[in-house]
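Analysis of the macromolecular model
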Amino acid sequence: MSILIHTVSIRTDEKSSNWIEDGYIIINEGVFKKIADGKPSEKELTEAGEVINGRGKWVCPGLVNTHGHAGMSLLRGYSDDLPLDQWLKEKMWPFEGKLDLEATKAARGLAMVEMIRSGTTTFLEMYHLFMHEFAQDITDAGMRATLMRSMIGLCSKEEQKEKLLEAVEFAKTWHKGADSRIQTMLAPHAPYTCPPEFIEMIVEEAIKLDLPIHMHLAETRKEVREHIQQYHHHPLEHLEKLGFLNEARWLFAHGVHLNEEHIDLLAEYKAGISHNPISNLKLGSGVAPIAEMLQKGVEIGIGTDSVASNNTLDMIEEMRMAAFIHKGIAEDPILIPAEVAIKMATKNGAQLLEHDKTGEIKTGYKADFMIIDSHGAHMQPASNRDSHIVYAAKSSDITDVYVDGLPLMRNKELLTLDEEKIKFEANEHYQRVRSYI
Ligand SMILES: [Zn+2]
């Protein structure tokens, strides 16, 4: 069925100004068929299956969250304001150790509700529990995702092999699944949690499967210091010296503690970074040198990380923080202008997660988008739209979210998820899991 949205502002890279002030779009078979200025013809109006008046609204690309652990969503607020080591060992890991299928499913349902409500159409999930079940739930919910079974290698060789087997089997089963809405990657957890021989095995599989690799990198100063003590090199140099950067496509999360030479390595090997500024701030990890990376042509996406360290999955907030923090640190207001922040949160993210023809509103691209209501007082004067999206908008301004041309939220009502049931179950399972600890 085709959809025509008229009398609407459209953020499209087809215009040098990035915006059509008053135009219309036609979506057919899940794809943007036409993006145009002005009014649709009578013929276009009669031929459309559904006609939507978009007065006062803005059609924008859906947001892409390039790093997260939706399976941890019951841990929101469970523990805050502790040193990372203590937080992980005394709080996060004991709780995670008790997560069963029902609790993980409830956590992920909650994450999907929150993501859709805040305009996210595509996200990355790096986790070790019940990935098949999540892939099925994403299929039913209609979202787009890049999924991977995360692996920590601090275990016996047999366990490492089992984990890798499971990760490879998952990746093969779901790659291009759900009408190509699901992509997969392989995911060694981090250089400090995976011995070199284990990473090598993963890299070999990634090459065989032609899949990218996602990994946490240089998140904290302590982690880098201890890595240097153990392996005599910074984690990124370590991966380079082992020859791994050359052999596969890499998307790293965080990249907080990197110097100029490390950024050169990222650029040389075309490795991408998921910038997760709020999580890095909350855990006291630091601020990634994103402006320097952009200057050297490193591709950057924006991610929230999990709600245990954020504590929301709100990409509007994350985008704003990504724009603000580097201006403040460098005392330079020119850094990360609104347009760049939007690009990182949409087009760049989609490329890093390898979802072709998404992340932009463009003829022939998949119709993943959000609709923003510009009526709020905080959105007036309703012009300077890129500026408003990054510096003024709230996720509650988002009224509609579509993936592949199908509505997941319409007039703020979720169509593919039972929000009340999900919220109730998340609370029930939180109390239940908590009672086991
Ligand atoms: Zn993470």
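These numbers were taken from a predicted model, which means no experiment stands behind them.

Quick word on the coordination of the zinc ion
Surrounding the zinc ion are the protein donor atoms H67 (NE2), H69 (NE2), H216 (NE2) and D305 (OD), which sit 2.1 to 2.7 Å from the metal. Every donor counted, the four donor atoms about the zinc ion form angles of 81 to 172° at the centre, which fits irregular coordination. Mapped onto the sequence, the donors of the zinc ion take the spacing H-x1-H-x146-H-x88-D. Owing to a relative accessible area of 0%, H67 belongs among the buried residues under this scheme.

Overview of helix α7 (residues 196–209)
Because each turn of an α-helix spans 3.6 residues, side chains separated by three or four positions end up pointing in the same direction. In this model, α7 (14 residues) spans 20 Å end to end at C-alpha, consistent with the 20 Å of a helix rising 1.5 Å per residue. At the exit of α7 stands D210, carrying a positive phi of roughly 55°.

Brief notes about the packing of aromatic side chains
The description of an aromatic ring pair rests on the distance of the ring centres and on the angle between the ring planes. Considering all chains together, one arrives at nine aromatic pairs under this definition. Each ring, one from F32 and one from F369, has its centre 5.8 Å from the other, and the planes form 50°; the classification is tilted. Of this pair, F32 sits in strand β3 (residues 31–37) while F369 sits in strand β15 (residues 369–373); the two residues are 337 residues apart in sequence, bridging distant segments of the chain. By relative accessible area, which is 1% here, F32 ends up buried. By relative accessible area, which is 0% here, F369 ends up buried. Taken together through their ring pairs, the aromatic side chains of F32, F369 and Y402 make up a single cluster.

Considerations on unusual backbone geometry
Put simply, N310 and N311 share a cis peptide bond, and its omega is 10°. Examined against the element boundaries, N311 turns out to sit in the loop between β14 (300–302) and α14 (315–330). Following Q380, the chain continues to P381 via a peptide bond in cis, the omega torsion being -10°. Locating P381 in the fold gives a position in the loop between β15 and α16 (385–391). Backbone geometry at T7 places phi at a positive 55°, although glycine is not the residue there. For T7, the position within the fold is in strand β1 (residues 3–11).

Regarding empty space enclosed by the protein
Overall, the coordinates contain three cavities of 30 Å³ or more when judged by the stated rule. Counting residues per element, the ones that place at least two in the lining of the largest cavity are α3 (101–117) and β7 (120–127). Of all the elements, β7 adds the most residues to the lining of the largest cavity, at three residues.

Looking at the UniProt feature "binding site: substrate" (unreviewed entry) in the protein
Following the UniProt record, the feature "binding site: substrate" (unreviewed entry) maps to E96, R149, H189, E219 and D305 here. Residues from the named set that contribute to the lining of the largest pocket are E96, R149, H189, E219 and D305. Mapped onto the fold, E96 is located in helix α2 (residues 84–96). Every residue in contact with E96, bar those within four places of it in the chain, is listed here: M72, L75, Y127, H128 and L129. Looking at where D305 falls in the secondary structure, it is placed in the loop between β14 and α14. Overall, the relative accessible area of 5% leaves D305 in the buried class.

Section: the state of the cysteines
This structure, assessed with the given rule, holds zero disulfides. Lacking any disulfide linkage, C155 is separated from the closest cysteine sulfur, that of C194, by 8.5 Å. Given a relative accessible area of 23%, C155 falls into the partly exposed group.

Here we look at the UniProt feature "domain: Amidohydrolase-related" (unreviewed entry) in the protein
In the numbering used here, UniProt assigns the feature "domain: Amidohydrolase-related" (unreviewed entry) to residues 58–405. Helix and strand shares over residues 58–405 are 45% and 16% respectively, and the end C-alpha atoms of the span are 16 Å apart.

A word on helix α17 (residues 419–436)
Relative to the 26 Å expected for 18 residues at 1.5 Å per residue, α17 spans 26 Å between its end C-alpha atoms, a close match to the ideal helical length. Residues E419, I422, A426, H429, Y430 and V433 constitute the buried set of α17. Projected down its long axis, α17 carries its buried residues within an arc of 110°, all on one side. Opposite its buried face, α17 presents the exposed residues E420, F424, N427 and S435, each directed more than 90 degrees away. Where α17 is buried, its residues meet α2, α3 and β18 (413–414).

Concerning the layout of surface pockets
Empty pockets left among the atoms are what a rolling probe the size of a water molecule brings to light. Here the largest pocket defines a volume of roughly 1,100 Å³. What lines the largest pocket is a set of 42 residues, and nearest its centre among them are L88, W93, I152, H189 and Y192. Listing elements by their share of the lining of the largest pocket, those giving two or more residues are α2, β7, β8 (144–151), β11 (213–217) and α8 (221–231). With seven residues, the top contributor of residues to the lining of the largest pocket is α2. Within the lining of the largest pocket, the residues separate by chemical class into 15 nonpolar, 16 polar and eleven charged.

Each value, and the rule that gives it
- Residues numbered from 1 in each chain as written.
- Predicted model: local features only at pLDDT ≥ 70, side-chain atom pairs only at ≥ 80, totals over all residues.
- Heavy atoms only, no water.
- Donors = N, O, S within 2.8 Å, 3.2 Å for Na, K, Ca; no water.
- Tetrahedral: all angles 85-135°; square planar, octahedral: opposite > 155°, others 65-115°.
- Buried < 20%, exposed > 50% of the residue type's maximum accessible area, 1.4 Å probe, protein only.
- Helix = DSSP H or I, 4+ residues; strand = E, 2+ residues; numbered from the N terminus.
- Expected span 1.5 Å × (residues − 1).
- Phe/Tyr/Trp six-rings, centres within 6.5 Å; stacked < 30°, edge-to-face > 60°.
- 1 Å grid on protein atoms, 1.4 Å probe; cavity = no way out; pocket = protein on both sides within 12 Å on 5 of 7 lines; lining within 4 Å.
- Points joined across faces, edges and corners; volume = space filled by probe spheres on them.
- UniProt positions renumbered as here; feature names shortened; annotations may be inferred.
- Contact = heavy atoms within 4.5 Å.
- Disulfide = S-S within 2.5 Å.
- Arc of directions from axis to C-beta.
- Nonpolar A, V, L, I, M, F, W, Y, C, P; charged D, E, K, R; others polar.

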